[in-house]
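The primary structure of each chain is shown beneath.
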Amino acid sequence: MTFSVENLGPISQADVEIGDLTVVCGRNNNGKTYFTYTLATFLSTIKSNLTLPVSDEIIDSLVNVGEVQINLNDYIARYINAVRAVVPMFRNNLPRFLAMHPDKFRDARIEVDLLPNEVEDRLALPLQSQNETTLRITEGASIRAIRDSGSTLVRVSLLNKSSELPSRNTIADAMAFLMARMFDDIPEKPILPDVFAITCERTGAMIFRTELVKIREGKYSELIESQRTRRAERFSNYQRPIVNELNFILDLAEVQKRKSYIAEHHQEIVSAVMEISGGSYRVDENTNQVRFYPMGDVEHSLSLLESSSTVRSLAEFYFYVAHKARPGQLLVFDEPELNLHPENQRRIARVLAMLSNAGVRVFVTTHSDYIMRELNALVRLGGMHSSAIPSVL
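Residues numbered from 1 in each chain as written. Predicted model: local features only at pLDDT ≥ 70, side-chain atom pairs only at ≥ 80, totals over all residues. Heavy atoms only, no water.

Draft legend 1. Up close: the overall build of the protein chain. If you tally the helices and strands in the protein chain, you get 15 helices and 15 strands. Taken against the 2.2 N^0.38 rule, which gives 21 Å for 393 residues, the C-alpha radius of gyration of the protein chain at 23 Å falls within 12% of a compact globule. Counting only residues that meet the buried cut, the protein chain has 49% of its 393 residues in that class. In the protein chain, the proportion of contacts linking residues at least 24 apart, taken out of those at least 6 apart, comes to 71%. (Helix = DSSP H or I, 4+ residues; strand = E, 2+ residues; numbered from the N terminus. Rg over C-alpha atoms; globule rule 2.2 N^0.38 Å. Buried < 20%, exposed > 50% of the residue type's maximum accessible area, 1.4 Å probe, protein only. Contact = heavy atoms within 4.5 Å.)

Draft legend 2. Region of the structure containing the sheet that holds strand 8 (residues 153-160). Spatially, 4 strands are ordered 4-8-7-6 in an open sheet, and the strand pairing comes out antiparallel. Single-partner strands in this sheet number two, and they are strand 4 (67-71) and strand 6 (131-136). Taking the axes of each pair of neighbouring strands and ignoring which way they run, one obtains an average angle of 20° across the sheet. The sheet contact formed by strand 6 and strand 7 (residues 141-147) spans 6 bridges and is antiparallel. When the bridges of strand 7 are listed, Thr133 appears paired with Ala145. The strands that helix 5 (residues 168-182) touches are strand 4, strand 6, strand 7 and strand 8; relative to strand 7, the one it contacts most, it runs at about 30°. (Pairing = 2+ DSSP bridges. Axes fitted to C-alpha atoms, helices over the stretch in contact; angles between N-to-C directions.)

Draft legend 3. Spatial organisation of helix 13 (residues 309-323). Compared with an ideal rise of 1.5 Å per residue, which puts 15 residues at 21 Å, helix 13 spans 22 Å between its outermost C-alpha atoms and is within 8% of the ideal. Across the 15 residues of helix 13, 13 count as buried, placing the element largely inside the fold. (Expected span 1.5 Å × (residues − 1).)

Shape is all these values report; function is a separate question.
What follows is the structure in structure tokens.
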């Protein structure tokens, strides 16, 4: 997938292919954050708006027979066009997503280019197991789609427990939504990956997390009334990636209850993050504060206010790697070198390469020559797949 923009902030034109590991390096105030936030917001919103209508014949089969078989290869061109069709709506909502005045985007253009062979290659990848998706459309009716591993054929059934069938339009709308989902049913290699963004605001968000939690729960009496009246507008003055990041940080107590795919299958990556930070992190169940536990000291812990700037800047990354990261996901990491010594910048480059080789797709913006040189050295020395960095801007 190639993501292209024109007249976006200070960017006159940019085309970036999103690969397994994509690195964007440039001077200050050149628009890296504009591009990164736009990409992350597009990927985090497109799936809820993407539909792929099917033919009247397919709807007839579902209504009259109750089942139908669909070959996804027959819908590749329509899927690509459906993705392109969503882009203008996204472009029109970009000022709201990025919390900026519409005049700043008057001349902005956005394009998303998917090639047919790219989609075909993803569909040809084997599934780990049979994929089954069920979409409830009314109180008593649902649509079930089953795709066998190694096959592009999807068996679709209309399941109805009511005395009456849903309306034809209801079935057609549900099928359009379900068909778009079937093109992303390979978790390890989705065409449009789920995105997790770590922004440069991560340190401040982590430091003030306790206060933000109290505000969200209405524990500050002087803010309760204003929170009630502005609940729908909370964080509305922040860019969408920052809003998503704040919500993740606020929910860390729940997040830490789950182990990530990386923690279960690649513990060495979690250990590598701990070596850079000097320890591990955990939300205290009693105080709801994020505590840092230095390596080798099981009796003492530190609050983030008591910890170094390195510990603060790596806190969200640790929670992501240990509790959230999974293959096929796109990690968007804005300036991973923040507050890191040059040696730790080289180390975090190795961690990003390890994540990429473990199946997590990585998109990085950086000013760090240390990170660039380390990634380049890893490619030359065989420490990561040479195809993992298709795009360096």
